[in-house]
Structure formats: structure tokens, C-alpha cells
Amino acid sequence: DAGVTQSPTHLIKTRGQQVTLRCSPISGHKSVSWYQQVLGQGPQFIFQYYEKEERGRGNFPDRFSARQFPNYSSELNVNALLLGDSALYLCASTRLQGGGELFFGEGSRLTVL
Amino acid sequence: GENVEQHPSTLSVQEGDSAVIKCTYSDSASNYFPWYKQELGKRPQLIIDIRSNVGEKKDQRIAVTLNKTAKHFSLHITETQPEDSAVYFCAASMDYGGSQGNLIFGKGTKLSVKP
């Protein structure tokens, strides 16, 4: 079984640009969450989606948005990039029912210049 | 909202010794407490978790204890090996109502096991 897959793995953008990150959950997992991990820190919760609906939102500005598709894959969009958005963006999926174990993807490393 | 504090930030032990990492949480409604191990450049991977209806859980050399009254939980690694060297994160969430995907993480503990 494939794990959580994310793309792209690395990308470089300049300030003010927009970025879209993609995530495919483990087969059978209907919930996808996004986390931002700045170097040397723990992951910070950005969004959770379940059955295409937003189930939770962390303390991030409106420049961050996400959506979930009928096949449960998800996209994270960040507009008007700032230098401080440079981070590893992790996607995680869970079955939701029966337990809270989150399975993380390898992440998309975003560098903003 | 929930806040998770983790100590120490770095921990160095000799191979074969035990390592203990401690976390406290603020929201008494939290009932799910996982621990993740993250090696350099890799994804966080779940190593053990505990729910609030259990006080202790063991898996080979790894154990987690939970004190709901004091709102703290700890990771214990016995007989440490060099491959245990990594950053360990504790986290907390409410494991109901679809909130399982919303984990609040501590800042991490960098464990170094010296041969």
C-alpha cells in the first residue's frame, strides 16, 4: 500500500508569488490535514479536511487556503508568499473512525526568496 | 486553545541508558497523546500513542505514561541504541468528533545516543 504522497518535494518561490501543494492520502483514508514545520520546530496545524469539508483551521492568515477533492486528495494554496512561509509543509491522513493515528507524507519543502 | 510544552529540548545519553522526555498540556478535553520520531530530512513517524482512559502503555523498549490530573505525559526509552537518535515530538488532540487530524505538537526533543 502506498503511503501519503506529496508533490512537489522541493520548490523555490519569490516573495509575492503563489504556491499550490498537493497531497494524496493513503487509500481508504478520508481525512487530510496540513501542517507547517519551520526548521527546528514542531509541526503546526494549518487545516483539516474530511469528506471535502473543512473540519479545523489553525492560526494561519487568510493567505492560506485548502480544499479536498472527491477522491480525498487535497491541495494547499498559499498566496502572497512571505519569507516566513519558508518551511516544510506536511500532509497527513487518517481513517478518522476508530483512532487518531496520523500518517505523514515526506513533505514539500518550500523556500521563499 | 491547546498548548503543549516539551522538555528537555536536547538530551544526550550513553548507549544502553534510559531516556525520558516529558510533556505537559493545557486543555483537559484532550484525550489522545501520540509521540512521533523524526529523523533528519524524514517524515514524522508515530512510535507510540496513549488515550486518556489508559495510564501507561508499553511497546518493547518504549513506554508512555499519562497523568490526567497533572496534565502531563512522558516517553520512556530503555536500553537506548544509536538508531534511537532523532527528534521526538509529543502531541495532544481531542480524539472525537472528527478532530483527530488536529494535533498540537510540542517543540521537540533532540535525542543523541552516544555509542
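For the structure itself, look to the data block above.
Residues numbered from 1 in each chain as written. Chains lettered and ligands numbered in written order. Predicted model: local features only at pLDDT ≥ 70, side-chain atom pairs only at ≥ 80, totals over all residues. Heavy atoms only, no water.

K.L.:
Give a detailed account of the overall build of chain A, specifying residues and quantitative values.
P.N.:
The helix and strand tally for chain A stands at zero helices and eleven strands. For chain A, the N- to C-terminal ordering of α and β elements is β-β-β-β-β-β-β-β-β-β-β. The C-alpha atoms of chain A give 13 Å as radius of gyration, which agrees with the globular expectation for 113 residues (13 Å, within 12%). Seen through its C-alpha atoms, chain A measures out along the principal axes to roughly 40 × 25 × 25 Å. With 113 residues in all, chain A has 51% of them scored as buried. Across chain A, every contact between residues at least 6 apart in sequence was considered, and the portion connecting residues at least 24 apart equals 52%. When the accessible surface of chain A is totalled, it reaches about 5,400 Å², and 49% of it is carbon and sulfur. Averaged over its 11 positive side-chain charges, chain A has a centre that lies 5 Å from the centre of its 9 negative ones. (Helix = DSSP H or I, 4+ residues; strand = E, 2+ residues; numbered from the N terminus. Rg over C-alpha atoms; globule rule 2.2 N^0.38 Å. Buried < 20%, exposed > 50% of the residue type's maximum accessible area, 1.4 Å probe, protein only. Contact = heavy atoms within 4.5 Å. Areas by Shrake-Rupley, 256 points an atom, 1.4 Å probe, with all protein chains shown as cover. Lys, Arg positive; Asp, Glu negative; His and termini not counted. Charge placed at Lys NZ, Arg CZ, Asp CG, Glu CD.)

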